[in-house]
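Coordinate inspection notes
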Amino acid sequence: HRITCTKWKVQRRDKGTIMFGKAGKKYADQIAGHLEKAVGQHLASKAPQSTEQATETLGKVTGQRRALFIGINYFGQKGELRGCINDVHNIKGFLTSNFRIDEVLVLTDDQKDPTKIPNRKNILAAFRWLRDGAKAGDSLIFHYSGHGGSVEDKDGDEEDGMDETLIPVDYQKAGHIVDDEVHDVLVRGLPKGVRLTSIMDCCHSESILDLPYIYTVNGDLQIIETSKSEGIVTLVGAGTRFLLDGNKKRAASGITQGMKLLMSGNKGGNSKAREKTIKTRSTEADVIQFSGCRDSQTSADAKIDGEMTGAMSHALISSLKQNKDQDYTHLLQSMRKILEGKYTQIVMMSAGRKLVLEQPFTI
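So, a few notes on the structure that sits alongside this text.

1. A short note on the overall build of the protein chain
Assigned secondary structure in the protein chain consists of 11 helices and 18 strands. The buried share of the protein chain, reckoned over its 363 residues, is 55%. Put simply, the protein chain shows about 16,000 Å² of open surface, and 52% of that area lies on carbon and sulfur atoms.

Printed below as a string of structure tokens:
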């Protein structure tokens, strides 16, 4: 069974009964977001998440810097997006203006060169190009903006029972690129001392690289997450939004997600899936990922400052413009704060090993 998520388009709303009129519709996300946060904090106080300290040192970037940017708008297809190619231009422009990058490859579905179209074949080839010949001290950058999806996990390495996917422009014929394959082609076997920084602006993106270590906003490693609590928070948010904006389709989606989490019990520290992920997906390289949302969430394709863009890509640029020298943990905090109250998605940060990330962000 395949579930394909579209990036949630903020400017589009389903019609429905709105209990609190235009004001309720306008402030639905903000009110629901505050309520979700309050419920989440209350539940956490009753059953705190278990964390552990990160212990491993992040290596220095002294060598070559290579970057891959992929943006897919899916022109003429169902679920067409409007901000993904803009994201590529914006992220590429910001990074190349503020950091040294020696080689760049861009795949977007508005190009005439058939080798630069982000189809399944070209994306996998681009992964191989990005990592080819990488050695200690080199820095690799990967930014993706497009659709993300989820499919049933077949090998027991996912705590929620679902594999996350990237959706190439030719997905209807070639299929999705499952996170297991993303990890195998892009991440697995990268040499010690190589740094890979991944910026994933798509739905269901928390574990799209299948990295074993998830960070809290305090820079600790999260080792137990209670999906029952997350399910309750999701259900509260879905019900609140429906009362305020009357969007039946969106409410149904939130309720479905919430019930799945509620029924799945606890996930985390003692699960066989987590143990397998740590055993089979830990890396020698310094692999760090910022993702637009949790695996259970969608990422917004929104109009911000008059331009269609991904909310997460916009938050990353906005935060680094405010303070280019902030460390990874504070960058995560800042991005979440920028999106808080405007979007339901929660920016996540993960790594391939237990890296101490209280160091300035750099590529």
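2. Concerning the packing of aromatic side chains
Tallying each qualifying case throughout the model produces 6 aromatic pairs. Lying across the ring of W129, R66 places its NZ or CZ 5.0 Å from the centre. Taking NZ or CZ as reference, K324 lies 4.9 Å from the ring centre of F99, over its face.

3. Looking at the pattern of salt bridges
Applying the stated rule across the entire model yields 11 salt bridges. The closest approach of N and O atoms between K354 and E52, which form a salt bridge, is 3.4 Å. A residue pair is termed long-range when its members are at least 10 positions apart, and K354 in the segment after β18 (348-351) and E52 in strand β3 (residues 51-52) qualify at 302 residues. With a closest N to O distance of 2.9 Å, D184 and R188 form a salt bridge. Since its relative accessible area comes to 39%, D184 is described here as partly exposed.

4. What to know about the nonpolar core
Ranked by internal contacts, the top residues of the largest apolar core, which has 41 residues, are L95 and F290. Secondary structure elements with two or more residues in this core: β4 (65-71), α3 (84-98), β11 (213-215), β15 (286-291), β16 (300-304), α10 (311-322), α11 (328-339) and β18. The residues contacting F290, other than those within four sequence positions of it, are S198, I199, M200, M312, Y328, L331, L332, M335, M348, M349 and F361.

5. Some words on unusual backbone geometry
One non-glycine residue with positive phi stands out, namely Y74, at about 60°. Turning to its location among the elements, Y74 is positioned in the loop between β4 and α3. Here the phi dihedral of H204 falls at roughly 55°; this positive angle occurs in a residue that is not glycine. With respect to the helices and strands, H204 occurs in the loop between β10 (195-201) and β11. Classification of H204 as buried rests on a relative accessible area of 7%.

6. Some words on the packing of α3 against α10
The contact between α3 and α10 brings their axes to 10 Å, and the two run at 20°. Considered as vectors, α3 and α10 are oriented roughly parallel to each other. The crossing of α3 and α10 is left-handed. Residues D87, N90, I91 and F94 of α3 form the contact with α10, whose own contacting residues are S313, L316, I317, L320 and K321. Each residue belonging to the contact of α3 with α10 can be placed in one class, and the counts come to 5 nonpolar, 2 polar and 2 charged.

7. Let's talk about α10
For α10, spanning 12 residues, the distance from its first C-alpha to its last is 16 Å, which sits close to the expected 16 Å at 1.5 Å a residue. Counting buried residues in α10 gives 9 out of 12 residues, a clear majority hidden from the surface. Within α10 the residues assigned to the buried category are A311, M312, S313, A315, L316, I317, S318, S319 and L320.

8. Some thoughts on the pairing of strand β17 (residues 307-310)
Sheet analysis places β16 next to β17, joined by 4 bridges and oriented antiparallel. Residue pairing in the sheet places I304 in a bridge with E307 of β17. In textbook terms, the turn of a hairpin is the stretch between consecutive antiparallel strands, and for β16 and β17 this stretch comprises 2 residues, one of which, D305, has a positive phi near 55°.

9. Some details on helix α4 (residues 120-131)
An α-helix turns once every 3.6 residues. As a result, residues three or four positions apart point the same way. Taking 1.5 Å per residue, 12 residues should reach 16 Å; α4 reaches 17 Å between its end C-alpha atoms and fits that length. If you check which residues of α4 are buried, you get R120, N122, I123, L124, A126, F127, L130 and R131. Where α4 ends, the next residue or the one after it, G133, has phi of about 75°, a positive value.

10. Considering the packing of α4 against helix α6 (residues 179-187)
Closest axis-to-axis distance for the α4/α6 pair is 8 Å, and the angle between their directions is 35°. For the pair α4 and α6, the contacting residues are R120, L124, F127, R128, L130 and R131 in the first and E181, V182, D184, V185, L186 and V187 in the second.

11. Points about the environment of S205
Within the fold, S205 resides in the loop between β10 and β11. In this structure S205 comes out as buried when scored by relative accessible area, which is 0%. Linking S205 and S291, residues 86 residues apart in sequence, is a C-alpha distance of 5.5 Å. Ignoring anything within four residues of it in the chain, the contact list for S205 reads M200, Q289, S291, G292, C293, R294, D295 and S299. A distance of 2.9 Å separates a polar atom in the side chain of S205 from the backbone oxygen of C202.

12. Observations regarding the state of the cysteines
If you walk through the whole model with that rule in mind, you get 0 disulfides. Cysteine C84 is unpaired, with the sulfur of C202 as its nearest cysteine sulfur at 9.2 Å.

13. What about the environment of G292?
You can see G292 is positioned in the loop between β15 and β16. Given the relative accessible area of 0%, G292 is considered buried.

Rules used throughout
- Residues numbered from 1 in each chain as written.
- Predicted model: local features only at pLDDT ≥ 70, side-chain atom pairs only at ≥ 80, totals over all residues.
- Heavy atoms only, no water.
- Helix = DSSP H or I, 4+ residues; strand = E, 2+ residues; numbered from the N terminus.
- Buried < 20%, exposed > 50% of the residue type's maximum accessible area, 1.4 Å probe, protein only.
- Areas by Shrake-Rupley, 256 points an atom, 1.4 Å probe, with all protein chains shown as cover.
- Phe/Tyr/Trp six-rings, centres within 6.5 Å; stacked < 30°, edge-to-face > 60°.
- Lys NZ or Arg CZ within 6 Å of the ring centre and 35° of its normal.
- Salt bridge = Lys/Arg side-chain N within 4 Å of Asp/Glu carboxyl O.
- Core = buried A, V, L, I, M, F, W, Y, C linked by side-chain atoms within 4.5 Å.
- Contact = heavy atoms within 4.5 Å.
- Axes fitted to C-alpha atoms, helices over the stretch in contact; angles between N-to-C directions.
- Parallel < 35°, antiparallel > 145°, perpendicular 65-115°, else oblique.
- Left-handed = near helix turned anticlockwise from the far one by under 90°.
- Nonpolar A, V, L, I, M, F, W, Y, C, P; charged D, E, K, R; others polar.
- Expected span 1.5 Å × (residues − 1).
- Pairing = 2+ DSSP bridges.
- Polar contact = N/O pair within 3.5 Å; in protein donor to acceptor, adjacent residues only side chain to side chain.
- Disulfide = S-S within 2.5 Å.

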